[in-house]
Amino acid sequence: MTRVAVQHFIYSLRPLLLSGLLLALPVHAWAKNVKPDPDGLPPQDVKDLHYGDVLFYFYQDDFFDSITRLLAARELDRLPNTQGEAELLLGGLYLSLGEHVEAGNIFEKLLNTNTSEAVRNKAWFYLGKVWYQRGYLQESERALRQVSDKIQPRISAERYMLLAQLMLREERYDDAIAALNAWHGPPDWTAYAQFNLGVALVRTGRLPQAIAPLDQVGRMDTSSEELLALRDKANLALGFALLQAERAADARPILERVRLDGPYSSKALLGVGWADSALGEFKRALVPWLALRKRNLLDSAVQESYLTVPYAYNRLGASGQAAEFYNSAIDSFDAERQRIDESIEQIRSGTLLDRLLTDDRKDTLTWYWQLKTLPDAPESRYLYQLLASNEFQEGLKNYRELNYMSRNLDNWRESLSAFNDMLDTRQQAYDERVPKTDAVMAATDLDALAKKRVDFESRINEIEKSNEVAALGTPKEQHDWARIKRIDDYLTTHPDDPELADLRERLRLVKGVMYWRMSEGFKARLWNERRSVKELEASLVETQKRAVLVKQARQGMPSNTGAFSVRVTAVNARMDQLQQRLAALSERQNRYLQALAIRQLQAQKQRIEVYQIQARYELAAIYDKAADKATQAKPKAEP
Amino acid sequence: MPDAPAADFKTLDQEVQGMKKDVIDLNKDLFVLQEELLFPANTQVAVYVSMDVGAFFALDSVTVKIDNKEVKNYLYTAREAEALLKGGVQEIYLGNLKVGKHELVAFFTGKGPVERDYKRGATISFDKGVGAKYLELKITDRVPKHQPEFKIKDWD
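Because the structure is a prediction, the values reported are computed rather than measured. (Residues numbered from 1 in each chain as written. Chains lettered and ligands numbered in written order. Predicted model: local features only at pLDDT ≥ 70, side-chain atom pairs only at ≥ 80, totals over all residues. Heavy atoms only, no water.)

> Got a minute to help me understand the overall build of chain A in this structure?
Assigned secondary structure in chain A consists of 24 helices and zero strands. Buried residues in chain A amount to 46% of all 639 residues. Taking all contacts inside chain A whose residues are at least 6 apart in sequence as the whole, residues at least 24 apart take part in 67%. Entry remark: accessible area of chain A is about 33000 Å², with carbon and sulfur atoms responsible for 52%. (Helix = DSSP H or I, 4+ residues; strand = E, 2+ residues; numbered from the N terminus. Buried < 20%, exposed > 50% of the residue type's maximum accessible area, 1.4 Å probe, protein only. Contact = heavy atoms within 4.5 Å. Areas by Shrake-Rupley, 256 points an atom, 1.4 Å probe, with all protein chains shown as cover.)

> Would you take a moment to explain helix H4 (residues 63–75) of chain A for this structure?
Residues and elements named next belong to chain A. Taking 1.5 Å as the rise per residue, H4 with 13 residues should run 18 Å; its terminal C-alpha atoms sit 18 Å apart, in good agreement. In terms of burial, H4 is largely enclosed, as ten of its 13 residues are buried. What H4 keeps buried is the set Phe63, Phe64, Ser66, Ile67, Thr68, Arg69, Leu70, Leu71, Ala72 and Ala73. Asp77 sits one or two residues past H4 and shows a positive phi near 55°. (Expected span 1.5 Å × (residues − 1).)

> In this structure, what is going on with empty space enclosed by the protein? I would like to understand it.
Unfilled space is identified by rolling a water-sized probe across the atoms. All told, the structure shown has four cavities of 30 Å³ or more when counted by the stated rule. Taken as a whole, the second largest cavity holds about 70 Å³ of empty space. Around the second largest cavity, the lining residues are A:His50, A:Asp53, A:Val54, A:Arg69, A:Ala72, A:Ala73, A:Leu76, A:Arg78, B:Phe31, B:Glu35, B:Tyr48 and B:Glu91. Mapped onto the lining of the second largest cavity, the elements with two or more residues apiece are helix H3 (49–58) and H4 of chain A together with helix H1 (9–38) of chain B. (1 Å grid on protein atoms, 1.4 Å probe; cavity = no way out; pocket = protein on both sides within 12 Å on 5 of 7 lines; lining within 4 Å. Points joined across faces, edges and corners; volume = space filled by probe spheres on them.)

> Explain the packing of aromatic side chains here, please?
How two aromatic rings sit relative to each other is set out by the distance from centre to centre and by the angle between their planes. For the structure shown, the criterion picks out 20 aromatic pairs over all chains. With a centroid separation of 5.4 Å and an interplanar angle of 10°, the aromatic rings of A:Tyr313 and A:Phe325 are classed as stacked. Of this pair, A:Tyr313 sits in helix H17 (residues 300–315) while A:Phe325 sits in helix H18 (residues 319–348); the two residues are twelve residues apart in sequence, bridging distant segments of the chain. Residue classification places A:Phe325 among the buried residues on the basis of a relative accessible area of 19%. Measuring from centroid to centroid gives 6.3 Å for A:Tyr592 and B:Phe9, while their planes differ by 40°, and the two rings are tilted. Linking A:Tyr592 in helix H24 (residues 501–633) with B:Phe9 in helix H1, this pair reaches from one chain into another. Comparing A:Tyr592 with B:Phe9, the two get one shared label, buried. An aromatic cluster is defined as three or more aromatic residues linked by ring pairs; in this entry it consists of A:Trp274, A:Phe282, A:Trp289 and A:Tyr311. Geometry around A:Tyr160 places A:Arg159 over its ring, the cationic atom sitting 4.8 Å from the centre. Residue placement shows B:Lys119 over the ring face of B:Phe107; its charged tip is 5.3 Å from the ring centre. (Phe/Tyr/Trp six-rings, centres within 6.5 Å; stacked < 30°, edge-to-face > 60°. Lys NZ or Arg CZ within 6 Å of the ring centre and 35° of its normal.)

> Whenever I open this one, the interface of chain A and chain B confuses me. Can you help?
Many authors give the size of an interface as the accessible area that is lost as the parts come together. In this assembly, 79 residues from chain A lie in contact with 62 residues from chain B. For the pairing of chain A and chain B, the buried interface totals around 6700 Å² over both sides, and the portion due to carbon and sulfur atoms is 64%. Where chain A meets chain B, there are eight salt bridges. Residue A:Glu401 is joined to B:Lys20 by a salt bridge in which the shortest nitrogen-to-oxygen separation is 2.4 Å. Applying the counting criterion to the chain A and chain B interface returns 21 residue pairs in polar contact (both at pLDDT 80 or more). Mapped by element, the contributors of at least two residues to the side of chain A that touches chain B are H3, H4, helix H6 (100–111), helix H21 (390–443) and H24 of chain A. If one sorts the elements of the side of chain A that touches chain B by residue count, H24(A) sits on top with 18 residues. Its residues assigned to classes, the side of chain A that touches chain B shows 38 nonpolar, 18 polar and 23 charged. (Buried area = accessible area lost by both parts, 1.4 Å probe. Salt bridge = Lys/Arg side-chain N within 4 Å of Asp/Glu carboxyl O. Polar contact = N/O pair within 3.5 Å; in protein donor to acceptor, adjacent residues only side chain to side chain. Nonpolar A, V, L, I, M, F, W, Y, C, P; charged D, E, K, R; others polar.)

> Please explain the confidence of the model for chain A as it appears in this structure.
Caution is warranted with low-pLDDT regions, since their predicted coordinates should not be read in detail. Per-residue confidence for chain A gives a mean pLDDT of 84; residues scoring 70 or more make up 88%. Taken as a whole, residues 1–44 of chain A scores under 50 in pLDDT and shows 124 contacts with residues more than four places along the chain or in a different chain. (pLDDT = per-residue confidence, 0-100.)

> What is the right way to look at the pairing of strand S1 (residues 44–51) of chain B in this model?
Within a regular beta strand, the side chains point alternately toward one face of the sheet and then the other, so they alternate between its two faces. Across the eight residues that make up S1(B), a large majority, eight, are buried. Here S1(B) shows no split at all, with B:Gln44, B:Ala46, B:Tyr48 and B:Ser50 on one side and B:Val45, B:Val47, B:Val49 and B:Met51 on the other all buried.

> I would appreciate a short explanation of the pattern of salt bridges in the present structure.
Pairing between side chains becomes possible if they bear opposite charge and their charged atoms approach one another. All names here are of chain A. Summed over all chains, the structure comprises 53 salt bridges over all chains. Between Arg257 and Asp215 there is a salt bridge, with its nearest N and O atoms 2.6 Å apart. Of the two residues, Arg257 is situated in the loop between helix H14 (248–256) and helix H15 (265–278) and Asp215 in helix H12 (residues 207–218); the sequence distance between them amounts to 42 residues. The exposure class assigned to Arg257 is partly exposed, which follows from its relative accessible area of 23%. For Asp215, a relative accessible area of 17% puts it in the buried group. Its salt-bridge partner being Lys476, residue Asp480 comes within 2.9 Å of it at the nearest N-O pair. Of the two residues, Asp480 and Lys476 both sit in helix H23 (residues 475–493), four residues apart, roughly one turn of that helix. One connected set of salt bridges, linked through shared partners, spans Glu141, Arg145, Glu170, Arg172 and Asp175.

> Help me understand the layout of surface pockets in this model?
Approximately 1600 Å³ is the volume found for the second largest pocket. Lining the second largest pocket are 36 residues, with A:Leu549, A:Val550, A:Ala553, A:Arg554 and B:Asn42 sitting closest to its centre. The set of elements that each furnish at least two residues to the lining of the second largest pocket consists of H21 and H24 of chain A. Among the elements that take part in the lining of the second largest pocket, H24(A) stands out by supplying 18 residues, more than any other. Its residues placed into classes, the lining of the second largest pocket shows 17 nonpolar, ten polar and nine charged.

In structure tokens, the structure reads:
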């Protein structure tokens, strides 16, 4: 009954879900200036780069990459300024990936805290919607009831509508009627509310009350294809309810309102025929039924017309034509049963789902994905009804997601193999470099170098203190100074030699000039030496640092590489295990959907078999009657 | 064989949920492992692109040079540019650099004011220390000048 309404909800959910939720969440990595500030104030800064990175993928609907990056950033403590909004976004991402259980857990944890009412309302609302679609009706109701009335009127209306639909699905008709009677919402939603109210009233046997809402929907003026279909459906529901209540005259005009080119026209034609027939107008009933009989035999209304046409002929006394139509029906049903059997065999071969997903875009995962077209295969003609069911669509979505996950793991497996090669190469390079490094380290006595530096500095201090200018002279100066010193020493040992008086005088002059020259450059040379000491010190510190790093790398490298190897091995094992589980679950999901499809086909086959038995029975009755007539008409034999 | 009684939808759905959660968690672990292995923090350098407003500039491409070597030339799709405008931040480059001084030059091309082709550059000299280095290439609109502005922020 509510399939149209359900579909409407699904499509209306599609673009809204996350964008709607996120409008309420402070998801931006920055607080953006929506309008440029006329005073040219600087734009707001990004709060966390990694949160912005998550949003970059999120805004491209790449929810899988987005959630991976978000979880990684959270683990690496890279969201210090966006923790709260990141958690809400995580809930939203889980929801968009169909992970409603996980999303529910996050929301429940977060939304019971100090989240704003607007955020809370929207999160519960969208969670409720997803749960509704997945058939988690109790969870859905619990979530929807958490939403307060302080929410946009449109969302509030949708919320009440969802609650009412949920009650209808649980066959809580009285609750649904009470909810729908109290429902107020935007005009385009009113038609759905009225329709659902009418259906609930019919289901509880309150036809007189149901007439008004269904009639109202059945008369609405609209050009929207979706609402036109709803209008047809309301007329059909009301028409058949009246027929069931033996009010054929009232039912007929209502059934005639259904469009002849709409999806419900076959059922309407059948109903119009039944109304005529109930009024004893069998000739008139033949008009819609014969029109219906020309349609595709897949439609259950068309199948029924294969029986109603001969039934009408029979009632009109045209038993010959009736027999002809029954015979033709038996043959057609036979052929159809055969086709269904063949299709069941095709489905049993196990390739149905893969064929269904052949044209599917494989690189995205979205909550609102739906299969819209069927492959050109014999069994497809039977599956359109199945495609309209949530159970099949959601199951198919799960199967598709399992395939996506499996491909994702396959891609990682290639990377992991590269990681292993890389670690091997690193280990090899390490093994090659270690002996050379060890040799260099062994040849370098850093302590001795440090001591030398200290000695050097002490010597400079001494030179400065004793004003030993020659110590900082150039090598030539030092050489000359040494010669002077030697001559001076000689002269000192011969103080009274008059022949040396001239030499003594010349030496005094040379020594004075030399000393003056060296004194002149002494300060600059001393400064240069001090600078050299500082540079030496810096180089020594750097060398010591590097030596520590080399030592650490030398010790750390094997354990570092080893730790990575352990991690790679561990994730490889997890991957193997997950791949096995994925394959098994995928197979079960496949079997489940296959069983759904086969169940659907078998139900069609059983219906056809029932019709066929009925046709045979009616045909036999016609023949019996004809035989009786012939017997009665035959003149009695002379005794 | 196949039309043996199938598991009920909810049981299977819950198993699929659990399975997906496990795969998502493994993906996160693999992502972290990959980054730590290929781009360890002591050498890691990550360059990001962000955009604010975008009234005066429609981004086409960004080229990143580090120490005079081109490390990235990225052409944006409309979808990516839109994601940036909505507040997404793109990690345009993730690589390794030695500790010490480096220079990054970025060139931005696109459509500037009045639909004119627009190319601008921005430069930053930075010190790579022992921790990961994050640099943000910021594209913002300067309203008083009616011009876009390109800056590089060192996240230290």
